[in-house]
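# Inside the fold
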Amino acid sequence: YLVFVGFSPGFIRVLRVSRVVRSLRMLRLFRYSYVVRRLRVLTLAIMNCRMMLVWAVIVLLLLVFLFAIVFLNAISQYVTDINDTNSPHVDKMRVFFGSLPMTCLTLFMAIAGGIDWWDVVELLLEIHTAYAIIFVMFVVISVLAVLNVINAMFVQDAMESTRVDIDLRMQGEAEETRQMLARLTNIFHEMDPGASGVVSEDDFVSLAETGNLNLLLSFLGLHLADSLTLFKLLDADGDGDLAIDEFVMGCMRLKGRSNFINTEVLLRETNKLLKEAVTDHKRDLVTLSQNVDQICESLGIAMSSVIT
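Residues numbered from 1 in each chain as written. Predicted model: local features only at pLDDT ≥ 70, side-chain atom pairs only at ≥ 80, totals over all residues. Heavy atoms only, no water.

## Some words on the packing of aromatic side chains
This is how it is decided: Between 30 and 60 degrees the pair is tilted, below 30 it is stacked and above 60 it is edge-to-face, where a pair is any two Phe, Tyr or Trp rings, Trp via its six-membered ring, whose centres lie within 6.5 Å.
With the rule as written, the count across this model stands at four aromatic pairs. Ring pairs connect the aromatic residues Phe 67, Phe 71, Phe 135 and Phe 138, which therefore count as one cluster.

## Some points on the packing of helix H4 (residues 50–82) against helix H7 (residues 117–127)
Stated precisely, the cut-off is as follows: Structural elements are reduced to axes, namely lines fitted to C-alpha atoms, with helices fitted over the stretch in contact, and the angle between N-to-C directions of any two is expressed from 0 to 180 degrees. Secondary structure counts use DSSP, requiring at least four H or I residues in a row for a helix and at least two E residues in a row for a strand, with both numbered from the N terminus. For classification purposes, an angle smaller than 35 degrees is called roughly parallel, one larger than 145 roughly antiparallel, one from 65 to 115 roughly perpendicular, and anything else oblique. By definition, any crossing whose near helix is turned counterclockwise from its far helix by less than a right angle is left-handed, and any crossing with a clockwise turn is right-handed. Contacts are residue-level and defined by heavy atoms, with any inter-residue pair within 4.5 Å sufficient. Note that Gly is not counted as nonpolar here; it falls among the polar residues with everything else outside the nonpolar set of Ala, Val, Leu, Ile, Met, Phe, Trp, Tyr, Cys and Pro and the charged set of Asp, Glu, Lys and Arg.
The interhelical angle for the contact between H4 and H7, taken along N-to-C directions, is 55°, at an axis separation of 10 Å. In this view, H4 runs oblique relative to H7, as classed from their interaxial angle. Where H4 crosses over H7, the two elements pack in a sense that is left-handed. Only Leu 124, Glu 126 and Ile 127 of H7 make contact with H4, whose side of the interface consists of Phe 71, Ala 74, Ile 75 and Tyr 78. Residues that form the contact of H4 with H7 fall into these classes: six nonpolar, no polar and one charged.

## Quick notes on the nonpolar core
So the rule is basically this: Definition of nonpolar core: a set of buried residues of the types Ala, Val, Leu, Ile, Met, Phe, Trp, Tyr and Cys, connected through side-chain atoms within 4.5 Å. For the exposure calls, accessible area comes from a 1.4 Å probe over protein chains only, and a residue counts as buried if that area is under 20% of its type's maximum, exposed if over 50%, partly exposed in between.
Counting residues in each nonpolar core, the largest one holds 29 residues, and the members touching the most others are Phe 71, Phe 97, Leu 107, Leu 124, Ile 127, Phe 135 and Phe 138. Elements that contribute at least two residues to this core include exactly H4, helix H5 (88–96), helix H6 (100–112), H7 and helix H8 (129–164). With ten residues, H4 is the largest single contributor of residues to this core. Not counting chain neighbours up to four residues away, the residues in contact with Ile 127 comprise Ala 74, Ile 75, Tyr 78 and Met 93.

Here's what the structure looks like:
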């Protein structure tokens, strides 16, 4: 229709491309999915580790370069002194240690799995046992020290990058909260096999002492030896029965704060005692006021009788 009206085919193709681009905006919704979030974590970790990668390569090259100078000097001196061009060891030495770049490549392949260690150690043993020991020291330092430290630094940077990203932190906390709610709900259903919807104080204490309730709660970050204290904290309305919403929300509130549970119980008991004291004080004031009124009335009656 647009061609019939007079628009050019090029303009129509531009409209089609714009429609495709507009439809691709829907792909932004996939960033909230679990699979895409993992891909984003991986990509973000790789991007944030680029400077660490540069310094790791520099350190590794420096280590390889220092040992390559030692081995190249020994190989050159050995080949010059032996002056035997038909020796198979000399041919291998010229292949693996023919130049400084080739020597560095040989050492790197030795620690990266490119060649077998014995192929290099066999050549160094022809020169002297000390050079074979130096090569073993190079492998030990590179593999057990340098590479492990580099791996640890990469892991640390990757973890730091995921903690810095706000979206990833929000998604991670939301996922953790969802799993926590599901686990607490399952624990409450195990405490309430009759599906009554509430758990009494006696049943809760009994399950905590005889069952594995404390163990399950400890896995979720709630470490408390006194089950009665925990029940009082979870029972928000104080009716002596624990509903599923009180149990779940109370555990979510107390998660990671086990060291302050006894303090919260003490504060709650203190507030309760203060309220009772204020109530008793008001009641005493009312009683005192009534007694004063009665005394005044009695005195007023007595005075009137005296006057008459």
